[in-house]
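As a plain string of letters, each chain reads:
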Amino acid sequence: MEMLRNTWYVAGWAHELVHGQLLGRTFLNVPVVMFRKADGTPVALMDRCPHRFAPLHLGRQVGDVVQCGYHGLEFGADGRCVRNPHGKVAPSAARVRSFALVERYELLWIWMGEDDADPSLIPDEFAFVAASELAHNRMYFHVEANYLLLVDNLMDVSHALYLHSGSLTTEEMRDDYEPRVDITDGVTNLVINQSDVAPPPFWAAALPPETTRTDVQETSRGHMPSLVIHEMIYSRAGQPPFSEGGASSRSAHMYTPETDGTTHYFYTLSRDFHKDSQEIQARLETEIGRIFTTEDIPMIEAQQRLIGNRDLMTMKPALLPTDKASVLMRGHLAGLIARGSSIDAA
């Protein structure tokens, strides 16, 4: 399956990379080993020794180089073999590919393409993931499904009306559901406004106890190729967004293809309510984990098993009006892949 390579994908949380420890992951069907130099610089190399093709992450870090655990060849941050313990000179073919890896917003971002990596293309909108004025629940999930099915899930949030009914939504919310969709500067925007509805249990716990009716503004912003920001704003009925007595959150859903049929799912919920409560922090961790692992992920993995190796759109799905955002985002991405473009060429 073709994927966009000249772009930034999330490779991990910054805290996962510790000097002296190797971290192996696969991105876009390519095995990668990551490590942190003594000065804190993150490094990413092809996770395959060119000698016997052993995984480098099964070796060890020696200073600022990776030592293969099989025969001891050592590779620097540029991928060049800097030491051959079995001879004075390393073979000319003893080199592994290096990938641009940068740390921003407490995340690691990797560029898998051949074009020059431009860190300015990392969306500034994701700065909230590291905002000190918010509280954060950060998670990682490994999903046995193609990354585009996960993108669809957040760009068509109507699924929450049924899959998450009784926790994130109520039956009442099904009656007034009219999403607005557009693409601006390459970002797919989905906006839903609902007025005078009872808050669902998840949000009722975040609002003052006397709150019985609310106005809701929900948005999803899909950045190429597979980054989604989802925002929820609850305010007292008749009051503007972010007014006193309301609550809001922004969540980042960062889907990085591992293989054609598996995905790294990096997630954070950033909130402005109960920011100093460890009890609420732990309760949210449990509830969000429950929702993802017992509702979203099992459904999407089951969907993938039925689709198999085919692409969803080639199966001619019966599309609904609520599919507009996900279809637009898929189409925009397909165009970029077809042209071999990077994001700024859109």
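Residues numbered from 1 in each chain as written. Predicted model: local features only at pLDDT ≥ 70, side-chain atom pairs only at ≥ 80, totals over all residues. Heavy atoms only, no water.

Draft legend 1. Up close: the pairing of strand β15 (residues 227–236). Where burial is concerned, most of β15 is hidden: nine out of the ten residues are buried. Strand direction decides the pairing type here: strand β14 (residues 214–223) and β15, joined by ten bridges, are antiparallel. The residue of β15 that forms the bridge with histidine 223 is leucine 227. With antiparallel pairing between neighbouring strands as the criterion, β14 and β15 make up a hairpin whose turn holds three residues. By the bridge criterion, eight bridges tie β15 to strand β16 (residues 247–259) in an arrangement that is antiparallel. Bridge pairing in β16 links methionine 232 to serine 249. (Buried < 20%, exposed > 50% of the residue type's maximum accessible area, 1.4 Å probe, protein only. Helix = DSSP H or I, 4+ residues; strand = E, 2+ residues; numbered from the N terminus. Pairing = 2+ DSSP bridges.)

Draft legend 2. Local environment of the sheet that holds strand β12 (residues 180–184). The antiparallel open sheet is built from seven strands, whose spatial order is β11-β17-β16-β15-β14-β13-β12. The sheet is open, and its two edges are formed by β11 (135–143) and β12, each paired on a single side. Between one strand and the next, the sheet's axes are offset by a mean angle of 15°, whatever the strand orientation. Of the pairings in the sheet, the one linking β12 to strand β13 (residues 187–197) comprises five bridges and is antiparallel in character. Bridging from a neighbouring strand, threonine 184 pairs with valine 187 of β13. On top of the sheet, helix α4 (residues 278–307) reaches β11, β16 and β17 (262–271); it is set at about 25° to β11, its chief contact. (Axes fitted to C-alpha atoms, helices over the stretch in contact; angles between N-to-C directions. Contact = heavy atoms within 4.5 Å.)

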